[in-house]
Amino acid sequence: MFSARVLSVDDDLEEYIAGPGQTKPLGSIDIGSSDLELGAESAGNVNPQLVGIRFANITVPKGVLITKAYIRFTVDATAKNTDPCELVIKAQDADNPLTFDQGINAPISSRPTLAASVAWNVPTGSWATVGESGPDQTTPDLSALVQVLIDRSGWASGNAMVFTISGTGLRESESFDGSPDQAPQLVIEYIPVTTLSKRVAAPEDDLEEYIPGTGQTQTLGAMDAGSSDLELGAESAGNVDPQLVGIRFTELNIPKGSLIRNAYIQFTVDATAKNTDPCDLIIKAQNDSNPSAFDETQPFNISSRPTLTNSISWSVPDGSWATVGEAGADQRTPNISELVQALVNRSDWQPGSAMAFTLLGTGLRESESYDGSPDQAPMLVVQYLSVSQLAVRV
């Protein structure tokens, strides 16, 4: 479980927004306020405002399953309480949002938010005791919002999150300016994932097959056996000699029925001279619960294998793969969890089985192969939740 309070005066602010009873300049900030009025600044829905709350250094790992999340407030005052108090909570659509800038107009409302939101109907007559911080001061479950943020490709443990609150009625909460120890608190409960990493383990588990296409000069179906690299897209620059790359990973000890949270193949740059942009690739998975190794002596031994109907597109960034030995984000496929999930969901899947993937497309990038460097061969990374982990989900 993760828990943290607002940590800075710039991380919980109020912005005046359009609405009946607004007397303040739109977009201006109530700087240095000792409280946060949720709904409006004054009783009777006078001066409606948008509250922005930022939580920093959220040490929740990428890929986890969020089971519960909420923000807990502390009552600052009661005299202005206005019912009904009906609020809407949103989350900023960003990987790692910055602190609010009090020097600009509309520093909260100008930020993009997720499409989804959570409604909070504060119980009538609640927040009647100063210092109270219990169920009535706790938002409904925000796990749906937090899960979307955690699942972003740019999320990393230690990033920040921003939430906004607006609506009608009024409740007064402590702010960081008023009482740091009673500032809004974010609580996130989650189930950690298990991470499996497996490299190609044999020469016959990563091969290239020549396929039909503009510029093909090689024998269709023939294998480029013993190659020290894997050319993704085509054998030569300028889309000459297009090919289908097959990659097989063995001994994948993923329990049957697991929930696949994230999966990708990590490559390592072998050479850069033949790089061709744009490089747009299609990734597929063999529709088999335990595919055999590729046979370099058999023509069409990659393309003849049945694949799942769905596929994943990979548009490799232009100008990337410029450094030999690089193995970072640019050399990593998009999330292929839906392919892995489909294989694990097969009735005949067993832990310890193999999976095979194919890549084809236009452009060119050169990756290390098992023949060229076993320690830099393609690596499959799968993050999953087992059945036993899912059984304890809140």
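Residues numbered from 1 in each chain as written. Predicted model: local features only at pLDDT ≥ 70, side-chain atom pairs only at ≥ 80, totals over all residues. Heavy atoms only, no water.

Peer 1: Explain the overall build of the protein to me, using residue names and the numbers behind them.
Peer 2: Of the regular secondary structure elements, the protein holds 3 helices and 20 strands. For 394 residues, the compact-globule estimate of 2.2 N^0.38 gives 21 Å, and the C-alpha radius of gyration of the protein, at 27 Å, exceeds that figure by more than 25%. Taken over the C-alpha atoms alone, the protein extends approximately 85 × 45 × 30 Å along its principal axes. Evaluated residue by residue, the protein yields a buried proportion of 52% over its 394 residues. (Helix = DSSP H or I, 4+ residues; strand = E, 2+ residues; numbered from the N terminus. Rg over C-alpha atoms; globule rule 2.2 N^0.38 Å. Buried < 20%, exposed > 50% of the residue type's maximum accessible area, 1.4 Å probe, protein only.)

Peer 1: I'd love a proper account of the pairing of strand E3 (residues 35-38), names of residues and values included.
Peer 2: Burial along E3 is two-sided: the face carrying Asp35 and Glu37 and the face carrying Leu36 and Leu38 are both buried. Strand direction decides the pairing type here: E3 and strand E9 (residues 159-174), joined by 4 bridges, are antiparallel. By the bridge assignment, Asp35 is partnered in E9 with Glu174. (Pairing = 2+ DSSP bridges.)

Peer 1: Now, about the pairing of strand E5 (residues 46-58): what can you tell me, with residues and values included?
Peer 2: Most of E5 is tucked away: 11 of the 13 residues are buried. Across 5 bridges, the pairing between strand E2 (residues 12-16) and E5 is antiparallel. If you follow Asp12 over to E5, its bridge partner there is Ile53. Pairing geometry for strand E4 (residues 40-42) and E5, over 2 bridges, is antiparallel. Note that in E5 the partner of Ser42 across the bridge is Val46. Hairpin connection between E4 and E5: a loop of 3 residues separates the two successive antiparallel strands, and Gly44 in this loop has a positive phi of roughly 80°. Taken together, the 6 bridges between E5 and E9 define a ladder with antiparallel strand orientation.

Peer 1: Go over the sheet that holds strand E20 (residues 379-385) with me, naming the residues and quoting the values.
Peer 2: Taken in spatial order, the 3 strands line up as E11-E20-E16 in an open sheet, and their pairing is antiparallel. Taken across any chain shown, the strands that pair with only one partner, and hence form the sheet edges, are strand E11 (194-199) and strand E16 (259-266). Here the average twist between neighbouring strands, direction ignored, is 15°. Sheet topology places E16 next to E20; 7 bridges connect them, and they run antiparallel. From the neighbouring strand, Gln266 faces E20, where its bridge partner is Met379. Its contacts with the sheet place helix H2 (residues 337-344) against E16 and E20, and it is angled at close to 120° to E16. (Axes fitted to C-alpha atoms, helices over the stretch in contact; angles between N-to-C directions. Contact = heavy atoms within 4.5 Å.)

Peer 1: Mind laying out the pattern of salt bridges, listing which residues take part and the relevant values?
Peer 2: The final tally for this structure, using the stated rule, is 13 salt bridges. Across the pair Lys80 and Glu37 runs a salt bridge, and its minimum N-O distance is 2.9 Å. With a gap of 43 residues between them, Lys80 in strand E7 (residues 75-91) and Glu37 in strand E3 connect regions that are remote in the sequence. Asp205 is the partner of Arg248 in a salt bridge, and the nearest nitrogen-oxygen pair spans 2.9 Å. One end of the pair, Arg248, is in strand E15 (residues 240-252); the other, Asp205, is in the loop between E11 and strand E12 (206-210), with 43 residues separating them in the sequence. (Salt bridge = Lys/Arg side-chain N within 4 Å of Asp/Glu carboxyl O.)

Peer 1: So what's going on with the environment of Val118? Residues and values would help.
Peer 2: Looking at the element boundaries, Val118 is found in strand E8 (residues 118-122). Note on Val118: relative accessible area 14%, which makes it buried. In this structure, the C-alpha to C-alpha distance between Val118 and Gln218, residues 100 residues apart in sequence, is 58 Å. With near-sequence residues (within four places) excluded, Val118 lies in contact with Leu87, Val88, Ile89, Pro140, Asp141, Leu142 and Leu145.

Peer 1: Residues and numbers for a negative patch on the surface, please.
Peer 2: On the surface, Glu204, Asp295, Glu296 and Asp371 cluster together to form a negatively charged patch. Relative to the helices and strands, Glu204 is located in the loop between E11 and E12. The exposure class assigned to Glu204 is partly exposed, which follows from its relative accessible area of 35%. (Patch = residues over 30% accessible without salt bridge, like charges linked within 9 Å, V, L, I, M, F, W, Y side chains within 5 Å. Areas by Shrake-Rupley, 256 points an atom, 1.4 Å probe, with all protein chains shown as cover. Lys, Arg positive; Asp, Glu negative; His and termini not counted. Charge placed at Lys NZ, Arg CZ, Asp CG, Glu CD.)

Peer 1: Any chance you could break down the sheet that holds strand E6 (residues 65-72) for me, citing the residues and the numbers?
Peer 2: Strand order in the open sheet formed by 3 strands is E1-E10-E6, and the pairing between neighbours is antiparallel. Pairing within the sheet leaves two strands with one partner each, and these edge strands are strand E1 (2-5) and E6. Mean inter-strand twist for the sheet, computed between neighbouring axes without regard to direction, equals 10°. Inspection of the sheet shows E6 paired to strand E10 (residues 185-191) by 7 bridges, in the antiparallel sense. Pairing of Tyr70 across the sheet is with Val187, part of E10.

Peer 1: Before we move on, can you summarise unusual backbone geometry with the specific residues and values?
Peer 2: In this model, Asp83 is joined to Pro84 through a cis peptide bond whose omega is -5°. Note that Pro84 resides in strand E7. Cis geometry is adopted by the peptide bond preceding Pro278, which originates at Asp277 and carries an omega value of -5°. Unlike most non-glycine residues, Asp241 shows phi in positive territory, near 60°. A positive phi is found at Trp321, a non-glycine position, where the angle reads about 60°. For Trp321, the position within the fold is in the loop between strand E18 (312-316) and H2.

Peer 1: Give a detailed account of the packing of aromatic side chains, specifying residues and quantitative values.
Peer 2: One pass over the structure, following the stated rule, counts 8 aromatic pairs. Judged by centre distance (5.9 Å) and plane angle (15°), the rings of Phe73 and Trp120 are stacked. Here the residue Phe73 occupies a position in the loop between E6 and E7, and Trp120 occupies one in strand E8, the gap between them amounting to 47 residues. Like Trp120, Phe73 is buried. On the basis of an interplanar angle of 50° and a centroid distance of 6.4 Å, the ring pair of Trp314 and Trp321 is categorised as tilted. Each of the two residues, Trp314 as well as Trp321, counts as buried. Among the aromatic residues, those joined into a ring-pair cluster are Phe73, Trp120 and Trp127. Just above the ring of Tyr264 sits the side chain of Arg332; from NZ or CZ to the centre is 4.8 Å. (Phe/Tyr/Trp six-rings, centres within 6.5 Å; stacked < 30°, edge-to-face > 60°. Lys NZ or Arg CZ within 6 Å of the ring centre and 35° of its normal.)

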